[in-house]
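# Chains, contacts and geometry: an overview
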Amino acid sequence: MDMTTLTALQGYSGLRGATRSEPAEQTAPGLAALARDFAATLQEGEDTAIAAMTGEADPHALVQALVQTELAVETAVTVRDRVVEAYQEILRMPV
């Protein structure tokens, strides 16, 4: 093996870790936590609405829960729209 081949092999071995998908794997728990928080917000809004219908919660708590739920849903829809838009932009790229 000549020196340039050895140098190239060492360079490749050193940079091989850059191609791994570790950042995506580290992001997955964060996204799972966001999904759990979103589901918990929706569940709290539903529980408060049921409690208000049975007379166990005051109207102020119901309005507050509905506003929080609406904000969570609007945020989720906005994120979904941005992801779809980015995906469509990638599909439009020339290969």
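Report on the accompanying structure.

About the cut-offs
Residues numbered from 1 in each chain as written. Predicted model: local features only at pLDDT ≥ 70, side-chain atom pairs only at ≥ 80, totals over all residues. Heavy atoms only, no water. Helix = DSSP H or I, 4+ residues; strand = E, 2+ residues; numbered from the N terminus. Buried < 20%, exposed > 50% of the residue type's maximum accessible area, 1.4 Å probe, protein only. Areas by Shrake-Rupley, 256 points an atom, 1.4 Å probe, with all protein chains shown as cover. Polar contact = N/O pair within 3.5 Å; in protein donor to acceptor, adjacent residues only side chain to side chain. Contact = heavy atoms within 4.5 Å. Salt bridge = Lys/Arg side-chain N within 4 Å of Asp/Glu carboxyl O.

Moving on to the overall build of the protein chain. The number of helices and strands found in the protein chain is three helices and zero strands. When the helices and strands of the protein chain are placed in sequence order, the string is α-α-α. Relative to its full complement of 95 residues, the protein chain shows a buried share of 7%. Surface exposure of the protein chain reaches about 8100 Å², of which carbon and sulfur atoms provide 63%.

Next up on the list: the side chain of Thr48. Counting through the fold element by element, Thr48 comes out in helix H2 (residues 22-53). You can call Thr48 buried: its relative accessible area is 18%. There is a polar contact of 2.8 Å between the side chain of Thr48 and the backbone oxygen of Glu44. Non-local contacts of Thr48, meaning those with residues more than four positions away in its chain, are made with Ala57, Ala61, Leu62 and Ala65.

One pass over the full model with this rule turns up two salt bridges. In this structure, Asp81 and Arg80 form a salt bridge, with 2.7 Å as the shortest nitrogen-oxygen distance. Among the residues examined, Asp81 registers a relative accessible area of 38% and is labelled partly exposed. Taking the relative accessible area as the measure of exposure, Arg80 reaches 49% and is therefore partly exposed. Arg92 serves as the salt-bridge partner of Glu89, at 2.8 Å between the closest nitrogen and oxygen. One end of the pair, Glu89, and the other, Arg92, are both in helix H3 (residues 59-92), three residues apart, so they sit about a helical turn from each other.

Turning our attention to the environment of Glu46. Relative to the elements of secondary structure, Glu46 occurs in helix H2. As a C-alpha pair, Glu46 and Ala65 span 19 residues in sequence and 8.2 Å in three-dimensional space.

Structurally, Thr69 is set in helix H3. Not counting the four nearest positions on each side in its chain, Thr69 is found in contact with Thr41, Leu42 and Gly45.

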